[in-house]
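Summary of the model geometry
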Amino acid sequence: MKFIVSSTYLLKQLQVLGGVINNSNTLPILDNFLFDIDNNALTVSASDLETTMSSTLDIESDSKGSVAIPARLLLDTLKTFPEQPLTFTVEENNTVEISSNHGKYALAYADGAEFPKAVSLEDPSATTISGDILATAISKTIFAAGNDDLRPVMSGVFFQFSTDNLTFVATDAHKLVKYTREDVSASQVAEFIMPKKPLTLLKGILSSSDQDVTIEYNDSNAKFTFENTILICRLIDGKYPNYEAVIPKENPNKLSIDRTQFLNSVKRVSIFSNKTTHQIRLKIAGAELNISAEDIDYSNKAEERLTCDYQGDDMQIGFNSRFLTEMLNNLNATDVQLEMSMPNRAGILTPIDGLDEGEHVTMLVMPVMLNS
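About the thresholds
- Residues numbered from 1 in each chain as written.
- Predicted model: local features only at pLDDT ≥ 70, side-chain atom pairs only at ≥ 80, totals over all residues.
- Heavy atoms only, no water.
- 1 Å grid on protein atoms, 1.4 Å probe; cavity = no way out; pocket = protein on both sides within 12 Å on 5 of 7 lines; lining within 4 Å.
- Points joined across faces, edges and corners; volume = space filled by probe spheres on them.
- Pairing = 2+ DSSP bridges.
- Helix = DSSP H or I, 4+ residues; strand = E, 2+ residues; numbered from the N terminus.
- Axes fitted to C-alpha atoms, helices over the stretch in contact; angles between N-to-C directions.
- Contact = heavy atoms within 4.5 Å.
- Parallel < 35°, antiparallel > 145°, perpendicular 65-115°, else oblique.
- Left-handed = near helix turned anticlockwise from the far one by under 90°.
- Buried < 20%, exposed > 50% of the residue type's maximum accessible area, 1.4 Å probe, protein only.

Within this model, the largest pocket holds a volume of roughly 430 Å³. Taken together, 17 residues line the largest pocket, and the ones lying closest to its centre are Q279, R281, A293, E294 and D295.

And the structure:
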């Protein structure tokens, strides 16, 4: 069994698939890529049992068969080659020999039949979405998902599909992001929670592409198909919290401000905040926003004044500066609006401009109690 493939073309595909492989696997076979050859098509797969991803590559071959090749060793070898054709030959003595312009390299392989088979989805629902929209939806929400193993439903992104729109939500109970697209819809109503790892992989591949992605899903798995790649992952089991109930409806106090200016001030002032609480204080009166922080243990304090556009009562509210920074970094608007009702109720951050038609982003940040 042998095939010929371009070194850089193979490396590019394998680097994407390599993101699936864990550093420590319970099953040794999962440290390998599965190479499945069917004449001029080579399908390479990687899996961690929860997520399986495979890509189909064009090669020169007239063989059929499958072998599992050590992933780390193969990637490290391919990274050192300049662009050239490589010939892979599966030898009798359980090694795969790679021949380049300059030399030969032999790697021990495992039997391809030992590699776990990807799940096939029974009776799935499907919807199709443009790759760059999906990548944007993931990057706008994934940073707000939690890392708490005790609350697994909050460690993923909630996909909510309906015939009117697609909504993506992530929260860790301190901050929440809801991203809606009204210019795309699904054929039927569906809800599922996607884990972070496959979403991070998808975001990396799709960020620069305008290809369509077909999403198929049932109660336990989701499958993403685009160009020559398929990603199948197990969904997070459980019911997502009722996020609509947390978003305050009545917010009479509205602050509009230049995003970059606000972000830079928060970053600067937060350097002087307490290292455990990261607390900053916003004091708003008239058209003036006063941002301050103090670390009493070390006698550090900072304060900045900004002009803003504000309608509402004078108020003081405390936030964790890290959450505020993350959110402001994730918006690409020139101006943002912060809506508040009371110092102990969540603030709502929304972009004023910079959105596509039919695109909506709502970010919610919980306040921290101020020591008066």
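The next subject is the sheet that holds strand β8 (residues 104-108). With antiparallel pairing, four strands are arranged side by side in an open sheet as β1-β6-β7-β8. Each end of this open sheet is capped by a strand with a single partner; those strands are β1 (2-6) and β8. Neighbour to neighbour, the strand axes of the sheet diverge by 20° on average, direction disregarded. Of the strands in this sheet, β1 and β6 (85-90) touch helix α1 (residues 7-18), which is tilted by about 85° from β1.

Taken N-terminus to C-terminus, the directions of helix α5 (residues 259-270) and helix α6 (residues 321-330) make an angle of 150°; their axes are 10 Å apart at the nearest point. With respect to their mutual orientation, α5 and α6 come out roughly antiparallel. Considering how the two elements wind past one another, α5 and α6 form a crossing that is left-handed. For the pair formed by α5 and α6, the contact residues are R259, F262, L263, V266, K267 and S270 on the first element and S321, L324, T325, L328 and N329 on the second.

Attention shifts here to the sheet that holds strand β10 (residues 125-130). Taken together, the nine strands give an open sheet; going across it, the order is β9-β5-β2-β3-β4-β17-β16-β15-β10, and neighbouring strands pair in antiparallel fashion. One side of each edge strand has no neighbouring strand; the edge strands of this open sheet are β9 (110-111) and β10. Both strand β2 (residues 32-38) and strand β5 (residues 64-70) contribute to a ladder of seven bridges, which runs antiparallel. Considered in β5, the bridge of I37 is made with G65. Of the strands in this sheet, β2 and β5 are in contact with helix α2 (residues 71-79), which crosses β5 at around 85°. Sheet strands touched by helix α3 (residues 131-141): β10, β15 (212-217) and β16 (221-226). Its angle to β10, the strand with the most contacts, is close to 95°.

Attention now moves to the packing of α1 against α2. Relative orientation of the contacting elements α1 and α2 amounts to 135°, with a least axis distance of 10 Å. By the angle class used here, α1 and α2 are oblique. As α1 runs across α2, the sense of the crossing is left-handed. Residues S7, L10, L11, L14 and Q15 of α1 lie in contact with α2, whose contacting residues are L74, L75, L78 and K79.

A separate point is the environment of L34. For L34, the position within the fold is in strand β2. Distance in space between the C-alpha atoms of L34 and S47 is 9.1 Å, their sequence separation being 13 residues. Once you skip the residues sitting within four places of it in the chain, L34 turns out to touch T43, V44, S45, S66, V67, A68, G112 and F115.

Time to look at the environment of L282. One can find L282 in strand β19 (residues 279-285). Classification of L282 as buried rests on a relative accessible area of 0%. When the C-alpha atoms of L282 and G318 are compared, they prove to be 6.1 Å apart, with 36 residues separating the residues in sequence.

Limitation: the analysis is restricted to geometry and does not speak to function.
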